[in-house]
Amino acid sequence: MNKKSLITALKILFTVVLLYVVFTKIEIEKIKSVLADAQILPLLLAGVLLFLSQWISAERLRYLLSKSAFPISKASNYALYLLGMFYNFFIPGGIGGDAYKVYAMHKKFDWSAKKLTAVLFIDRLTGLAAIGVLTCLLAIGLPLFQTLSFTLLLIAAVPVGLVLFYLIVKQFFPSFKTILIRPLLLSFLIQGLQVLSLIALLYSISEPTDSIVYAVVFLVSSALSIFSFSGIGIRELIFYQAAVFFAFDSTLAVTVGFLFSFITAVISLFGIIYHIKKPDLKLEG
């Protein structure tokens with residue numbers, strides 16, 4: 001077994017273990033009961049917001065590609081993005097979504113695989129930076145941590161984190177240092193839409209009073225999702241542990257995590273169109 005296959009197998013195993021832990025603590029029948037009473041309109045709104053966030057994610061990647069002299073067309077970029085989501089979610093043992101994007105563009109246009117990989121990495125890094133900043137800002141509103149020292153620490157963490165992000169890019173990917181502002185702003189928009197999607201899911205199954213807590217927990221689970229298969233398992237476990245810590249309904253918390261994973265799966269499934277018939281990649285213009 002090669003290194004990539006081993007990592008994939010470990011992530012799948014980790015996901016299964018996490019789901020087992022969660023569902024030994026939560027009764028599945030209770031989750032079914034919550035889902036049976038779910039309101040349709042907020043569910044649909046959550047799906048629209050999540051889809052919009054993915055569309056903007058594709059735009060962020062296209063911008064970085066364009067500024068790196070890889071002028072792929074909008075249609076080709078969206079097709080590759082959806083196909084990448086499909087591979088990431090439904091084919092864990094196969095080629096990863098990002099790896100396929102690099103492979104497809106390198107094969108079609110003979111673009112540098114090394115620089116394409118760097119673009120994909122910066123794309124992910126800007127997303128992580130936005131998650132970190134938003135987590136710190138929202139955490140200021142957490143009722144258990146509203147002390148002056150903790151608030152000042154969170155406020156200070158924002159510029160420190162952004163400076164660290166810039167220094168990492170400047171040190172290891174200097175060609176990207178002048179084009180970071182737009183991808184970073186798009187990343188804030190993407191994460192904001194996903195938080196709103198989560199809140200819409202909350203309103204579909206309850207009348208939440210802990211929206212800020214859910215938002216912070218969601219962002220933390222998003223940052224840690226790389227350790228499990230498509231974030232499944234780790235998202236539900238973190239929501240469960242947060243429910244215990246902050247004393248809110250653990251069944252609702254796990255159900256929200258499950259619904260977010262389910263909607264992501266539905267959106268990712270559209271990529272099967274381009275799995276059956278690979279997209280004919282074209283240049284912009």
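To keep things clear, this report deals only with the structure shown in the data block. Along each chain, residue indices are assigned from 1 in the same order as the chain's sequence is written. With pLDDT at 70 or above as the cut-off, local features in this predicted model cover only qualifying residues; side-chain atom pairs require 80 or more to be listed or tallied, and sums for whole chains, interfaces and linings still use all residues. Computation of side-chain values covers all heavy atoms of the structure but excludes hydrogens and water.

**Examining the environment of aspartate 37**
This is how it is decided: The secondary structure listing takes helices from DSSP runs of H or I that are at least 4 residues long and strands from runs of E that are at least 2 residues long, numbered from the N terminus. Think of it in three bands: with a 1.4 Å probe and only protein chains considered, a residue is buried below 20% of the maximum accessible area for its type, exposed above 50%, and partly exposed in between.
Secondary-structure assignment places aspartate 37 in the loop between α2 (28–36) and α3 (40–67). For aspartate 37, a relative accessible area of 56% puts it in the exposed group. Placed 168 residues apart in sequence, aspartate 37 and isoleucine 205 show a C-alpha to C-alpha distance of 6.8 Å.

**A look at the pattern of salt bridges**
Where we set the bar: Salt-bridge detection follows one rule: a side-chain nitrogen of Lys or Arg within 4 Å of a carboxyl oxygen of Asp or Glu.
One pass over the full model with this rule turns up eight salt bridges. Taking the shortest distance from any N to any O, the salt bridge between lysine 32 and glutamate 29 comes out at 3.5 Å. Placement of the pair is lysine 32 and glutamate 29 together in helix α2, with a separation of three residues, close to one helical turn. Aspartate 280 is the partner of lysine 282 in a salt bridge, and the nearest nitrogen-oxygen pair spans 3.2 Å. Where salt bridges share partners, they join Glu59, Arg62 and Glu284 into one cluster.

**Some details on the packing of α3 against helix α11 (residues 250–269)**
Heads up, the condition is: To define axes, lines are fitted to C-alpha atoms, for helices over the stretch in contact only, and angles between the resulting N-to-C directions are given on a 0 to 180 degree scale. For classification, angles of less than 35 degrees are called roughly parallel, those exceeding 145 degrees roughly antiparallel, those between 65 and 115 degrees roughly perpendicular, and all remaining angles oblique. Handedness of a crossing is defined here by the sense of rotation of the near helix relative to the far one, left-handed for an anticlockwise turn of less than a right angle and right-handed for a clockwise turn. Contact between two residues is taken to exist if any of their heavy atoms lie within 4.5 Å; hydrogens are not considered. Residues are sorted three ways: Asp, Glu, Lys and Arg are charged, Ala, Val, Leu, Ile, Met, Phe, Trp, Tyr, Cys and Pro are nonpolar, and all the rest, Gly among them, are polar.
One can describe the packing of α3 onto α11 by two numbers: an axis separation of 10 Å at closest approach and a directional angle of 60 degrees. Classified by the angle between their axes, α3 and α11 sit oblique to one another. Seen along the crossing, α3 lies across α11 with a hand that is right-handed. For the pair α3 and α11, contact is made by Leu43, Ala46, Gly47, Leu50 and Phe51 and by Leu259, Phe260, Ile263, Thr264 and Ile267, respectively. Residues belonging to the contact of α3 with α11 are distributed by class as follows: eight nonpolar, two polar and no charged.

**Quick look at the environment of alanine 200**
Looking at the element boundaries, alanine 200 is found in helix α8 (residues 181–205). Under the relative-accessibility criterion, alanine 200 is labelled buried at 7%. Residues alanine 200 and aspartate 210 lie ten residues apart in sequence; the distance between their C-alpha atoms is 13 Å. If we ignore the near neighbours within four places in the chain, the residues touching alanine 200 are Pro42, Leu45 and Ala46.

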